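As a plain string of letters, each chain reads:
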Amino acid sequence: MWLIALFILLPIIEIGLFIQVGGWIGLWPTLGLVVVMALFGSWLLRTQGLMAMVDVQRSFRDMRNPSEPMAHAALIMFAGVLMLTPGFFTDVLGLVLLIRPVRSLIIARLAARFTVTSSGFTPDDRSQGPGWTDEGDIIEGDYSETPPRRDGIGPSGWTRH
């Protein structure tokens, strides 16, 4: 029910804001402002999105839970969609979502609604998963190096025996 109300109210709010802002500053400045906000939003989305992806990669590298950085990345993507949608109300919502403390608050509120009942891999659990042996972390294997072809394009250097 709330989704239907959103689809009805959002265009009404946007049209009302277009009329008000257009009355204050005129048609062309209003349209220019919408275009500038879309460009600014795409730039912010790109920079914030790259930082969020770095956080996700860092969490994987450090063997931490990547759910929070991934949630931030998802909210940044949603903010970008809002900012690319023509309108002032959606632009403001998108800008607000690009503020990290606001995203953290939303993630905390959403996380309170979920319960994790099981988990999988831990860094110290060497009894599960492919590649782990009882003797330690060393897995023996064979490889051979192949010289590059004459045209300079060669295999990766690893071949199967």
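Computed from a predicted model, the values in this text were never measured in an experiment. (Residues numbered from 1 in each chain as written. Predicted model: local features only at pLDDT ≥ 70, side-chain atom pairs only at ≥ 80, totals over all residues. Heavy atoms only, no water.)

Asker: Any details on the overall build of the protein chain? Residues and values, ideally.
Answerer: Within the protein chain, the secondary structure is distributed over five helices and zero strands. Helices (α) and strands (β) of the protein chain occur, in sequence order from the N terminus, as α-α-α-α-α. Split into buried and exposed, the 161 residues of the protein chain put 20% on the buried side. Of all intrachain contacts in the protein chain linking residues separated by at least 6 positions in sequence, the fraction that spans at least 24 positions is 49%. With the model as given, the accessible surface of the protein chain reaches about 12600 Å², and the carbon-plus-sulfur share is 67%. (Helix = DSSP H or I, 4+ residues; strand = E, 2+ residues; numbered from the N terminus. Buried < 20%, exposed > 50% of the residue type's maximum accessible area, 1.4 Å probe, protein only. Contact = heavy atoms within 4.5 Å. Areas by Shrake-Rupley, 256 points an atom, 1.4 Å probe, with all protein chains shown as cover.)

Asker: Describe the nonpolar core, and please don't skip the residues or the numbers.
Answerer: In this structure, Met37, Leu44, Ala52, Ala73, Leu75, Ile76, Ala79, Leu82, Met83, Leu97, Leu98 and Ile107 together form the largest nonpolar core, which totals twelve residues. Residue contributions to this core peak at six residues, all from helix α3 (residues 67–84). (Core = buried A, V, L, I, M, F, W, Y, C linked by side-chain atoms within 4.5 Å.)

Asker: Hey, could you go over the pattern of salt bridges for me, with residue numbers and the actual values?
Answerer: The final tally for this structure, using the stated rule, is four salt bridges. With a shortest N-O distance of 3.7 Å, Arg61 and Asp62 are connected by a salt bridge. For Arg61, a relative accessible area of 61% translates into the label exposed. Its salt-bridge partner being Arg64, residue Asp62 comes within 3.9 Å of it at the nearest N-O pair. Assessed through its relative accessible area of 40%, Asp62 is described here as partly exposed. (Salt bridge = Lys/Arg side-chain N within 4 Å of Asp/Glu carboxyl O.)

Asker: Lay out the packing of helix α1 (residues 2–25) against helix α4 (residues 88–97) in plain terms, naming residues and giving numbers.
Answerer: Interhelical geometry of α1 versus α4 gives an angle of 105° and a closest axis separation of 7 Å. Accordingly, the angle class assigned to the pair α1 and α4 is roughly perpendicular. Taken together, the residues of α4 that come into contact with α1 (itself represented by Leu10, Ile13, Glu14, Leu17, Phe18 and Val21) are Phe88, Phe89 and Thr90. A per-class count over the contact of α1 with α4 returns seven nonpolar, one polar and one charged. (Axes fitted to C-alpha atoms, helices over the stretch in contact; angles between N-to-C directions. Parallel < 35°, antiparallel > 145°, perpendicular 65-115°, else oblique. Nonpolar A, V, L, I, M, F, W, Y, C, P; charged D, E, K, R; others polar.)

Asker: Summarise the packing of α1 against helix α2 (residues 27–61); cite the residues concerned and give the values.
Answerer: Look at α1 against α2: their axes get within 7 Å of each other, and the N-to-C directions meet at 125°. Judged by the inter-axis angle, α1 sits oblique to α2. Relative to α2, the crossing made by α1 is right-handed. On α2, the residues that touch Phe18, Val21, Gly22 and Ile25 of α1 are Leu27, Pro29, Thr30, Leu33 and Val34. (Left-handed = near helix turned anticlockwise from the far one by under 90°.)

Asker: Lay out α3 in plain terms, naming residues and giving numbers.
Answerer: Its 18 residues give α3 an end-to-end C-alpha distance of 26 Å, which sits within 8% of 26 Å, the value for a rise of 1.5 Å per residue. Taken as a whole, α3 has its buried residues at Pro69, His72, Ala73, Leu75, Ile76, Ala79, Gly80, Leu82 and Met83. If you follow the buried residues of α3, they end up packed against α2, α4 and α5 (100–111). (Expected span 1.5 Å × (residues − 1).)

Asker: Residue-level account of unusual backbone geometry, with values.
Answerer: Outside of glycine, negative phi angles account for most residues, and trans bonds account for most peptide bonds. For Met63, which is not a glycine, the phi torsion comes out positive at approximately 60°. Take Met63: it is sitting in the loop between α2 and α3.

Asker: I'd like to hear about the side chain of Thr90, residue by residue, with values.
Answerer: Position of Thr90 relative to the elements: it lies in helix α4. Residue classification places Thr90 among the buried positions, given a relative accessible area of 2%. Contact partners of Thr90, with chain neighbours within four places excluded, come to Leu10, Glu14, Leu82, Met83 and Thr85.

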